[in-house]
Structures are given as C-alpha cells and as structure tokens.
Amino acid sequence: MKHEDSALENKNNKPVAVVEVGADSEADPERARFIKSIKDYWENYQEYKEEGKLSFTERLDQEEIKAVHGLILQPEITFEEFKKEALSYHDSFEKIDDLVKILPQEYALKEFREIMKDIDQMRKLSWRLMSVWGHVISAYLNELEARRGEYVRSEEIFGTGNSYWNVEDFFVLTPPEREQFLSKHPELKEGYERFHIYQYPKLMERLAAIEQTFYTRMSSNYEEVKKYIVEMHWSDDKMDDETIDIIFGINDNKVEKKVDYKRLKEYGNEQFAYQGTPYEYIRDFLKELNLKGDDVLYDLGCGYGRIPLYGAMTTPGKYKGIEIVPERVEEANTIKNKFELDNVEFRQGNVLEQDYSDGSVFFLFNPFCLSTLEQVIEKLREIARNKRIRIVSYGPCNDFFYRQDWLKPIETNLPNTPKGRVKIFESV
C-alpha cells in the first residue's frame, strides 16, 4: 500500500511556477541528475519502476515531479513544457534563501506593487514547503515499506500522536529535538535540506513582519492604495482576494458575526449568504466592458461592494450597489467615504423595491432565490425596452439569461475566469 497524502496533491494539474527557470546547465551535478529524472518520469510515468529498485533520492525526484503534475500528465503538454515547469518548481526552493534575507524596513520606500509581489511569492513558497514536506514523509514511509516488504504505519515510526506530516507540527519541536529526529531518520534529513524545509519558520516570521509593515503603511495612504489598485488593474499580475480586501478595509469575517439573520427573515426565504466575486474576474470583465463616463453599473446583491469600489478606482462611469443586508452596506459606505469616492453609491433594501432604471450595465452573481431572480429579469427586460443594456452574469444564474429571447451572449476574452462561468449578455 502506497502512502499518499491526497490533500497535498496538485489536483488541477496546473503549473505552479514561482520563478523563471534559467539555462539548463548540466554542469551542476544535482541539476543534471534531476533533468535525467524528469526525462525518465516523462517516458515511464505509466509504468513506474519497481518500488524496491528506487533509491530514496529517486523517490524524492518522483514526489517532486508529482507535486507539479499529479499522477497523470496532461496530454497536450510537450516534454519541454513539462521539463520547464518541473525545473521551475525545483529551482523555486532556492528563492526562499533570498527572500528570508530581506528586512521588513527595506519595504518602507518600495512601491506597493513590488511589495505585494514579494508577499505573494512568500505565501506561495510557504504553502509549497508545507506540501513538499508531506511528500517527503510519504516517500520515506514508502521506502521503509519497500525494505520490509509490508505496510508501515506512520505511528510506528514517529510515535502515536506525532503528526509530522504537517510542517507546522514538525517545527513545534525544539531545534535539538528536530536534529535528533532527523539524525534518527537520515532519509528525511535529505528531503529537509534539499527542499529548504529548515527555512519555514524564518519564512513565516519574515512574511508576517512584511505584511504588518505593508498593512500599517497603506492604512493611511489612501492615494497610494488607489494608485496601486490602478496599476494592478492594467497589469497581468495575480490578484489575491484576501489581500485586496485588507487593502480596501473589507472585513467580512468580523461583520458577518453581527448580521441579524432573524431580522432578515422579513424579506422571506431569500439568498443571504455572502460570497465575493474574485478580483481577477472583476478586472477582466471591466476591461471587456470598457465603460464610458455616462455608463452606470449596478451590482445587484453587492455584498461589501467589491465591484463598485474597485470599478470606481479604476474605470470611468458610476457604480451603484444594492444589498439586502444592512451591516454590509454600512461597511461598504465606510470604505467609500474613507477613499473619498464620489462615483459610488450603496443602497440597502430588497432589490424588487429599488429603482435602477438609470443603469446601463448590471452585474449578478447568483444573488437571489429563484422567484426573485425571475422578477428581476422582468425588471431588466422593461429597462431594455428603452435602451441597450448589458448584463454580466457569474455562476448558475447564467442559465436564466441564456433562456431570455431579448438577450444575446457576447463573445469575450476573459483570461482568468473559468470557461463558461462569467458571461456578458446584451439586449437586442
């Protein structure tokens, strides 16, 4: 029985590159060995070598490659693409050593975008260390199993109650205890050093310090925040939802605890749960919409106002959000006032009782129960009798708009949105 920690596998088979790969210099013996291992895996991944004939280093190679590609290679990928991704993953561990040397005070004068790139990179590498340590443990247990010819329980090796699959639990041990543990299990020490696992506590310490420096700095520099959001909007940089929420000051975890759901029952069996639209999706469809100064975009069921707040900072036009939960509207207005955004408006109430006939674009992310959605669609149809409107739909509510004979889907190029998830419709 093979030891696998399924939670650590890359289920989506997606590239996870962090740093650019340099030249394939085979002058480095370790790199040359890994390139050979990549080639062997490519040629023989459907017919694994007999477990007993794998060295532990080869097991680590195999676990490392699997961490990138899973157990099955994508049929459309070429060997050069496969090798590049695997080497990029392999090389990324070297980057950790550089990042932990950066002092938080060095970020005092850096641009927000530059700081966020390092924060994002540190987060990815910390997750990577957590994942790869689980793979190292798995390879070690499989090594012991191959030697003994029988299944090996982790409790037998590490002791009952010791969850060393988790790198955070492993670092609960004191340095002398860790050294003693690794001396007892030299194969684990090989993985510990090869993947720079020893840098995990330092990386997390440095990440926390830099995040604190960054959030403190941006908490009062609102113009700099707006400049950063605009730069992100016109870039292809990865946007982290949690970070952008913190930058805006959206604290849904805190506010949701205050929501009086019993009082909301006066609106009937409505959709009250909150789920924010990813900022990368917002960026993509706003670019596609190319709003003009006289456009009015309504976010129907706007939550904490991600779309109106982001849109007001990055594009022309006016933005209006309607939200049924008063606590969310209060939070959205606080943020709007903080950034002095005069092209944003938030209203609290039932969308069926609101007038949004001045709108030219409407966004819906599965915001209502079925009966409400049907009535909203009729209201939008009435608006469309007098002018052309566009509807941006995300999620299951797409189906309702496809069935409307007064709407047609627009061909779009939304690079970061899953195929079929975000659609733009136009009235005819």
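Residues numbered from 1 in each chain as written. Predicted model: local features only at pLDDT ≥ 70, side-chain atom pairs only at ≥ 80, totals over all residues. Heavy atoms only, no water.

With respect to the sheet that holds strand β2 (residues 318-323)
For step 1, the next point in the chain: One open sheet holds the seven strands; their spatial order is β3-β2-β1-β4-β5-β7-β6, and the pairing between them is mixed. Whereas interior strands pair on both sides, the edge strands pair on one side only; in this sheet they are β3 (344-348) and β6 (407-409). The average angle at which neighbouring strand axes cross in this sheet is 20°, direction not considered.
For step 2, the next point in the chain: By the bridge criterion, five bridges tie strand β5 (residues 390-394) to strand β7 (residues 422-427) in an arrangement that is antiparallel. When the bridges of β7 are listed, Ser 393 appears paired with Lys 423.
For step 3, the next point in the chain: Across the sheet, helix α14 (residues 279-289) lies against β1 (296-300), β2, β4 (361-364), β5 and β7, angled at about 30° from β7, the strand it touches most.
For step 4, the next point in the chain: In the packing of helix α16 (residues 326-338) onto the sheet, contacts are made with β2 and β3, and the angle to β3 comes to roughly 160°. (Pairing = 2+ DSSP bridges. Helix = DSSP H or I, 4+ residues; strand = E, 2+ residues; numbered from the N terminus. Axes fitted to C-alpha atoms, helices over the stretch in contact; angles between N-to-C directions. Contact = heavy atoms within 4.5 Å.)

Focus: the pairing of β3
For step 1, the next point in the chain: Judged from the five bridges that link them, β2 and β3 form a sheet pairing that is parallel. Directly across from Lys 320, in β3, lies its bridge partner Glu 345.
For step 2, the next point in the chain: In this fold, the crossover linking β2 to β3 by way of α16 has right-handed handedness. (Right-handed = clockwise from strand over helix to strand, strands pointing away.)

Let's talk about unusual backbone geometry
For step 1, the next point in the chain: The phi torsion at His 196 lies on the positive side, around 55°, for a residue other than glycine.
For step 2, the next point in the chain: With respect to the helices and strands, the residue His 196 is situated in the loop between α8 (186-194) and α9 (200-218).
For step 3, the next point in the chain: With a relative accessible area of 6%, His 196 lands in the buried category.
For step 4, the next point in the chain: Non-glycine residue Asn 290 carries a positive phi angle of around 50°.
For step 5, the next point in the chain: Here Asn 290 shows up in the loop between α14 and β1.
For step 6, the next point in the chain: For Asn 290, a relative accessible area of 47% puts it in the partly exposed group. (Buried < 20%, exposed > 50% of the residue type's maximum accessible area, 1.4 Å probe, protein only.)

With respect to the packing of helix α1 (residues 29-44) against helix α2 (residues 56-69)
For step 1, the next point in the chain: The N-to-C vectors of α1 and α2 enclose an angle of 65°; their axes lie 10 Å apart at closest approach. With respect to α2, the element α1 is oriented roughly perpendicular. Judged by the twist between their axes, the crossing of α1 over α2 is right-handed. Here Arg 33, Phe 34, Ser 37, Ile 38 and Tyr 41 of α1 come into contact with α2, specifically with Thr 57, Asp 61, Gln 62, Glu 64, Ile 65 and Lys 66.
For step 2, the next point in the chain: Looking at side-chain class alone, the contact of α1 with α2 contains four nonpolar, three polar and four charged residues. (Parallel < 35°, antiparallel > 145°, perpendicular 65-115°, else oblique. Left-handed = near helix turned anticlockwise from the far one by under 90°. Nonpolar A, V, L, I, M, F, W, Y, C, P; charged D, E, K, R; others polar.)

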